[in-house]
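What follows is the residue order along each chain.
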Amino acid sequence: MLGTDKLKFSITDEFGLWPRIEKEFTSRLPLRNLIWKGGITQTAQFVSQLAVEIAVNQESISGEEIVLPGQQQSHALLHICLVTIGEHESDTHKAEARGRVKAWALKAAQHKGASWLVVFVPSTNETTQRASAGPKFLNMRATIYDRLRSDIQSRKDANHVVQLRPEAIDSWNSLFLAVRERAVQGLEDRVMTLGEEIRRLDANRMLPGWNYCRFFMVKETLVSLYRALGLNDEALAQYDELEAAFFQLLDARQLAWFSKFGGGADGDDFTDILNLSKKPYRRQIADNTISMFDFRLYLFGQQSRLLIEMRQFEEFVVRAQRFVATLSLAMREPGTGLSAAFVAAWSYSTCQNIVEICEGVQLAQADRSGAGRVLAAAKAEFLTSARQQLDLLGTLARRLPPTYLRRSNTHTRVTTPELSDDANIEPNVTNPVLAEALGSDERFDQVYVRTCEQATQYYLESGRRRFAQVLQGDIAQLHICRRRWSDAVRILRPLVPADSLHVMDVHLAERLAVCERELGHKDACLDLVLRLVENSQFLDAQSCAQHAAMLEELVNEVPAARQIQSKLFRAGDVAADDEAGFGVAVDIRSKVPRTLRAKRIEALLVAGNRDVQQLEVTMDADDVELSSDLTRVRLGTDVVSCPGRFEVQSLRIFIGHIEFIVPVSNPNARRFVRLNAHPASPRITFYPEPKRLRVKVAASNAPIDAGMRIWLHDANSHLLQNRSGDDGTGMTLTVADAVAADSHAMLEVALDGTQPASGEVSVYAEYSVDGELRMLLDTELVEFVPPLRLSAHIEQGQQPDSASILQVRAQCCALDPVRLHTLCTDGKADADSAQLSGRGFLLFAETATVVQAIDTVPSSVDVHVEFSSLLDVLQAQINDYVCSLAAEHKLSRHTRYLQRLIMAHVRQTIDAPATLRESRLVCEPFAPLWSLASQDCSQEVRAAMRRLFHKLSGQSLDTSRSCQRSLDMTLELALVTPAYVTVSLDSRFCRAFEAASLRVRLQLDGTSGKRLSVMVVSSECMVAGAAAQEVSVRGSVELHFSIVPLATGYLPLPEVICHEYTDDLCWTRLHTMLCDSPSSLCVLQNDSLPVICSVPVGNKVR
């Protein structure tokens, strides 16, 4: 406060009237409910009360203007002159008294910033006489009062003269009404006068000789007036303007009247913000002798007192934080002459003083939820700042080691020169608590811990638990400094989260790691160091290097091997490695800022096998150096060869005793690679025959030591059994002897006839090379049923000595056209057989017949056929082209995969009739296949694949090329009356649930009639229609069936069964016709096969 909050009323009492009216007059003070226009807004403002100090005959009316700034507060706001003139007195006395009053009024009117009032009080006798004299007497006395008013003021002036009859209440009310009016007028005049002076000084700010201290004093006089009126917000605004002007001049370096910075006197480091009587601040300001340090303390102290009176506690703590930060920074500037110890001691004392002020605040019930949390947070921050100063002071006083500041979470950042100054080693502080704390380690630790615990409590009250944890970490750091490891661990373990570390957790984890290692807990220390390295973005380079070195030591010091799921390593790009054989190349990124040596790195690759079982392949590399950024590691295996598409699931990195598990794929981002066959693995080729499957095992440049064991599975994962050579272990084939390099061995497996026409065969083989066990896994498309169906029958001559006729028929039973080269019996070719080589391809259901006359009817006949299918011819040429183009484009490792992919495309999209008709391959273009072929490959391989397929699209294929295969069968013969069944499909299915007509034609050649029945059976179609017909000699009949498909896609042709009705009333099955091709021409929508309206699939009934 500036002296007093009361304004002064000066009373001039030359007639001794004050004792008479004092009691009643003072009982009506302070003045209440005033309305005046003034302040910053110049709007009407309400003043609830105005405290007034009465001064009787203490101030003379000189009439001089105000000269010294800040002295208006000591001058009276209202001058009151008490006057009484008796009627019984002489006219000379009356005139003299009236003259003195008039002179007083003239001087008072010239006094700026104040108002005046003359109070006429009749004497006691005159009052009694007036009451008893009646109206005439009253009129006479009123005339004397009126003459006094006319002598002092004119009619246009305000009411400056008022009559008081002490015994009348109405008279007192009239008096104080006039006093209120004069007081308000005085206030407005005083504010106007000060405003003019402030504006004049502000306008002359740039002129030579301008003085900020004079400007401050004038402004503070206005502040004093506002505070007396209770307008603290107006007063605070004036101080804010003074502060802004001060910093503006400070930035412009125009504060020459502040001769020194100050702050070095005894007791300056021990601050009480609200105690402004510690030094004569106002006198020093008026005399231009105040230091910048004292001035800023005084200015902030006045602002703080106003804010606390206004109960703006949140604004107070915000300004206090800014004040402490800016002033402490200014004190550290060169040239201030203040030591680091003084700055730290002052900051400590000031922060503690602000906390004491906040603790003395009594909040209203409504403010406790919001403002209470804000104040709690502010007190915690000030206590944290005080604790920071303890770090510095403890270091300077040798209570803490010099390295402690670098290890504290919340230490004050100071430069090295500040700490190396010899004058700062022994700080001189006057704060008794601080001086006692710096006297001994024990007392220092008590103050340190108490300050941290107080701050922690306030942080918890404000809901800032993370900051509370950091302060607990500082207490642990003090224990570490004193080598109290167990106490530090007890504090730190609950603070370090078990999941992820954030920036505020890193320092806690660092300290806990140090304690765990000192206590011999290597495993716990390793876990913490791993988490720290994983979160290296929160650490500086020096700390990262220290943790990396500790990690390299701990991985070899842990007592037992461990598996750790760690983010220390991250897998980047994954690609098939064509240079390392059967392997992959993985980019591994390491967060460790130094090179680590891994004993071994393994990759786990997983592939599914028909959704039945899961295939896992492990690839590895030994003695790998992992750099601090990116390392490309080539992983491979010579043990397994399994071409296909694999998912790289995880990596296992072995460093020291630790096995780091690094995930590569996740449900949202799966990493696949396509692997080719190992170049050193043997090649297995299948040669199907009617009742057996021949297997060719060809060794590469690496010989097979002691044979090979092979397991074959069909498309349903059923094991193909070799019934003749099964040894009870489930093994199907065994190569007993070694296979030399670049040679082969042939094996056979018997087929039971339940296999489909074609399907995939999975191969699993175990063999050894140079004494090392190896495995081979692969899948091949195998045609279990030959594309030709062979049949033979004998027609016996009509005469006993006539020769019989042997007819051998070969019928194409596949969609793939077949060309016959040789068809003979018992190794004897005849003229019909010789003519076969000149014929073209047989289409589906077409036949070729060889007729031979025989004398003796055998029970069976051996048939030898040499043929080549259209797809065999095309495959041979495509394989040649792909080999050539792959070598040209450096894709030789992908040759086998490309051959399979292209042939699968040809099988699905070939137009066989058009291909035969135009003598060139007619199918969908090859160019779009490059995208599928290069899936999971590198950019270079993708570009090479694209060029290869575009070039392959321009190649022409010769369908006349020969690619012969052989088929040998033994056919049983029987003398029967020939009968024939022909099946035709009249229309194609266009979509599901659309009917098609199936026509069955029966024709019987014989001497007697037969009663035949035809049934059509299908598990994928609904069939309507059945017939039993009696067919006469050489008669024929047609039966019609309606077929409705139940699903979309390729459908096999239905099964046609022919029965004969005998005399014993039993039906005897004569013939069953099955479609041996993998898919029929009964196709639905979106197919690419040619349109054929009628397809014969019949055969002769035996």
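Since we're looking at a predicted model, the values are computed, not measured. (Residues numbered from 1 in each chain as written. Predicted model: local features only at pLDDT ≥ 70, side-chain atom pairs only at ≥ 80, totals over all residues. Heavy atoms only, no water.)

### Considerations on the overall build of the protein chain
Right, on to step 1. Looking only at helices and strands, the protein chain features 27 helices and 41 strands.
Right, on to step 2. Buried residues in the protein chain amount to 49% of all 1102 residues.
Right, on to step 3. Across the protein chain, every contact between residues at least 6 apart in sequence was considered, and the portion connecting residues at least 24 apart equals 70%.
Right, on to step 4. On the protein chain, roughly 52,500 Å² of surface is accessible, and the fraction owed to carbon and sulfur atoms is 49%. (Helix = DSSP H or I, 4+ residues; strand = E, 2+ residues; numbered from the N terminus. Buried < 20%, exposed > 50% of the residue type's maximum accessible area, 1.4 Å probe, protein only. Contact = heavy atoms within 4.5 Å. Areas by Shrake-Rupley, 256 points an atom, 1.4 Å probe, with all protein chains shown as cover.)

### Comments concerning the packing of helix α23 (residues 870-888) against helix α24 (residues 895-909)
Right, on to step 1. With their axes 9 Å apart at the nearest point, α23 and α24 run at an angle of 140° to one another. In this view, α23 runs oblique relative to α24, as classed from their interaxial angle. Every pair of crossing elements has a handedness; the one defined by α23 and α24 is right-handed. Contacts between α23 and α24 involve L871, L874, Q875, I878, N879, V882, C883 and A886 on the former and, on the latter, T895, L898, Q899, I902, M903, V906 and R907. (Axes fitted to C-alpha atoms, helices over the stretch in contact; angles between N-to-C directions. Parallel < 35°, antiparallel > 145°, perpendicular 65-115°, else oblique. Left-handed = near helix turned anticlockwise from the far one by under 90°.)

### Observations regarding the environment of Y767
Right, on to step 1. Mapped onto the elements, Y767 comes out in strand β23 (residues 758-769).
Right, on to step 2. For Y767, a relative accessible area of 5% corresponds to the buried category.
Right, on to step 3. Apart from residues lying up to four places away in sequence, Y767 is in contact with S681, P682, I704, G707, M708, E772, L773, R774, M775 and L776.

### Side note on the sheet that holds strand β27 (residues 818-825)
Right, on to step 1. Pairing in this open sheet of 3 strands is antiparallel, and the strands run β27-β29-β30 from one edge to the other. Here the strands that pair on one side only, and so sit at the sheet edges, are β27 and β30 (965-972). On average, adjacent strands in this sheet sit at an angle of 25° to one another, irrespective of strand direction.
Right, on to step 2. With 8 bridges connecting them, strand β29 (residues 860-869) and β30 associate as antiparallel partners. (Pairing = 2+ DSSP bridges.)

### What to know about unusual backbone geometry
Right, on to step 1. Geometrically, the link from L29 to P30 is a cis peptide bond, its omega value of 0° lying close to zero.
Right, on to step 2. Considering the arrangement of structural elements, one finds P30 in the loop between α1 (18-27) and β2 (31-38).
Right, on to step 3. A positive phi angle is found at D623, which is not glycine, with a value near 55°.

### What to know about the pattern of salt bridges
Right, on to step 1. For the structure on display, the rule yields 38 salt bridges.
Right, on to step 2. When the shortest N-O distance is used, the salt bridge between R652 and E602 registers 2.3 Å. Placement of the pair is R652 in strand β15 (residues 644-655) and E602 in strand β11 (residues 596-609), with a sequence separation of 50 residues.
Right, on to step 3. Residues joined by salt bridges that share partners form a network here, namely R387, D391, D474 and R511. (Salt bridge = Lys/Arg side-chain N within 4 Å of Asp/Glu carboxyl O.)

### Thoughts on empty space enclosed by the protein
Right, on to step 1. Evaluated as defined, the whole model comprises 7 cavities of 30 Å³ or more.
Right, on to step 2. Counted as a void, the second largest cavity has a volume near 100 Å³.
Right, on to step 3. Looking at the second largest cavity, it is lined by 15 residues, and the ones nearest its centre are T271, D272, K278, Y281 and L297.
Right, on to step 4. The element contributing the most residues to the lining of the second largest cavity is helix α9 (residues 292-309), with 4 residues.
Right, on to step 5. Split into classes, the residues belonging to the lining of the second largest cavity amount to 7 nonpolar, 3 polar and 5 charged. (1 Å grid on protein atoms, 1.4 Å probe; cavity = no way out; pocket = protein on both sides within 12 Å on 5 of 7 lines; lining within 4 Å. Points joined across faces, edges and corners; volume = space filled by probe spheres on them. Nonpolar A, V, L, I, M, F, W, Y, C, P; charged D, E, K, R; others polar.)

### Here's the deal with the sheet that holds strand β22 (residues 744-750)
Right, on to step 1. The strand order across the open sheet formed by 3 strands is β18-β19-β22, and the pairing between neighbours is antiparallel. Each end of this open sheet is capped by a strand with a single partner; those strands are β18 (683-688) and β22. Ignoring which end each strand starts from, the neighbouring axes of this sheet average 20° apart.
Right, on to step 2. Where β18 and strand β19 (residues 692-698) come together, 6 bridges link them in antiparallel fashion. Looking at the pairing, I684 lines up with V697 of β19.

### Some details on the packing of helix α16 (residues 441-461) against helix α17 (residues 465-481)
The relative placement of two packed helices comes down to the angle between their axes together with the axis-to-axis distance.
Right, on to step 1. At a minimum axis separation of 8 Å, α16 and α17 run at an interaxial angle of 165°. In terms of orientation, α16 and α17 fall into the roughly antiparallel class. Classified by chirality, the crossing of α17 by α16 is left-handed. Mapping the contact onto sequence places D445, Y448, V449, C452, E453, A455, T456, Y459 and L460 in α16 and R465, F467, A468, L471, Q472, D474, I475 and L478 in α17.
Right, on to step 2. Residue composition of the contact of α16 with α17, grouped by class: 11 nonpolar, 2 polar and 4 charged.

### Details of the confidence of the model for the protein chain
Right, on to step 1. Mean pLDDT for the protein chain: 76, with 75% of residues reaching 70 or above.
Right, on to step 2. Considering only residues more than four positions removed or in separate chains, one finds that residues 62-73, a stretch of pLDDT under 50, has 26 contacts.
Right, on to step 3. With pLDDT under 50 throughout, residues 411-418 is counted as low confidence; its partners more than four residues away or in other chains account for 13 contacts. (pLDDT = per-residue confidence, 0-100.)

### A closer look at the pairing of β22
Right, on to step 1. Judged by which residues are buried, β22 turns out to be one-sided: A745, L747 and V749 face inward and are buried, whereas H744, M746, E748 and A750, on the alternate face, are not.
Right, on to step 2. The pairing of β19 with β22 spans 7 bridges and is antiparallel. Of the residues in β22, the one forming a bridge with R694 is E748.

### Structural notes on the side chain of R296
Right, on to step 1. Along the chain, R296 turns up in helix α9.
Right, on to step 2. One buried charged residue, R296, remains without a salt bridge, the closest side chain of opposite sign being E243 at 5.6 Å.
Right, on to step 3. In this view, R296 contacts F246, F247, F323, T326, L327 and A330; residues no more than four positions away in its chain are not counted. (Lys, Arg positive; Asp, Glu negative; His and termini not counted.)

### Let's talk about the packing of aromatic side chains
Each aromatic ring pair is described using two quantities: the centre-to-centre distance and the angle formed by the ring planes.
Right, on to step 1. Summed over the entire model, instances satisfying the criterion amount to 22 aromatic pairs.
Right, on to step 2. On the numbers, 6.3 Å between centres and 65° between planes, the contact of F293 with W346 is edge-to-face. Placement of F293 in helix α9 and of W346 in helix α11 (residues 340-359) is noted, with a sequence separation of 53 residues between them.
Right, on to step 3. On the basis of relative accessibility, which here comes to 0%, the residue F293 falls in the buried class.
Right, on to step 4. In this structure W346 comes out as buried when scored by relative accessible area, which is 0%.
Right, on to step 5. With 5.5 Å between their ring centres and 20° between their planes, Y459 and F467 make a pair best called stacked.
Right, on to step 6. Assessed through its relative accessible area of 34%, F467 is described here as partly exposed.
Right, on to step 7. Joined through ring pairs, the aromatic side chains of W210, Y212, F215, F216, F246, F247, Y281, F295 and Y298 make up one cluster.
Right, on to step 8. Geometry around F467 places R464 over its ring, the cationic atom sitting 4.4 Å from the centre. (Phe/Tyr/Trp six-rings, centres within 6.5 Å; stacked < 30°, edge-to-face > 60°. Lys NZ or Arg CZ within 6 Å of the ring centre and 35° of its normal.)

### Things to note about the environment of L630
Right, on to step 1. By the secondary structure assignment, L630 is in strand β13 (residues 630-636).
Right, on to step 2. Owing to a relative accessible area of 36%, L630 belongs among the partly exposed residues under this scheme.
Right, on to step 3. Distance from L630 to K591, taken between C-alpha atoms, is 9.5 Å for residues 39 residues apart in sequence.

### A word on a negative patch on the surface
Right, on to step 1. Taken together, the side chains of D638, D705, D770 and E772 present a region of like negative charge at the surface.
Right, on to step 2. For D638, the position within the fold is in the loop between β13 and β14 (640-641).
Right, on to step 3. Among the residues examined, D638 registers a relative accessible area of 44% and is labelled partly exposed. (Patch = residues over 30% accessible without salt bridge, like charges linked within 9 Å, V, L, I, M, F, W, Y side chains within 5 Å. Charge placed at Lys NZ, Arg CZ, Asp CG, Glu CD.)

### Remarks on the environment of A699
Right, on to step 1. Residue placement: A699 occurs in the loop between β19 and β20 (708-713).
Right, on to step 2. A699 sits in the buried class, given a relative accessible area of 9%.
Right, on to step 3. Counting along the chain gives 18 residues from A699 to S681, while the straight-line C-alpha distance between them is 7.2 Å.

### With respect to helix α20 (residues 522-534)
Right, on to step 1. For α20, spanning 13 residues, the distance from its first C-alpha to its last is 18 Å, which sits close to the expected 18 Å at 1.5 Å a residue.
Right, on to step 2. What α20 keeps buried is the set C525, L526, L528, V529, L530, R531, L532, V533 and E534.
Right, on to step 3. At its buried positions, α20 is contacted by α19 (503-518), α21 (541-557), β8 (562-565) and β16 (658-663). (Expected span 1.5 Å × (residues − 1).)

### Things to note about helix α18 (residues 485-492)
Right, on to step 1. If you check which residues of α18 are buried, you get W485, A488, V489, I491 and L492. Each buried residue of α18 sits inside an arc of 165° when the element is viewed along its axis, so together they form one side.
Right, on to step 2. Against α17 and α19 lie the buried residues of α18. (Arc of directions from axis to C-beta.)

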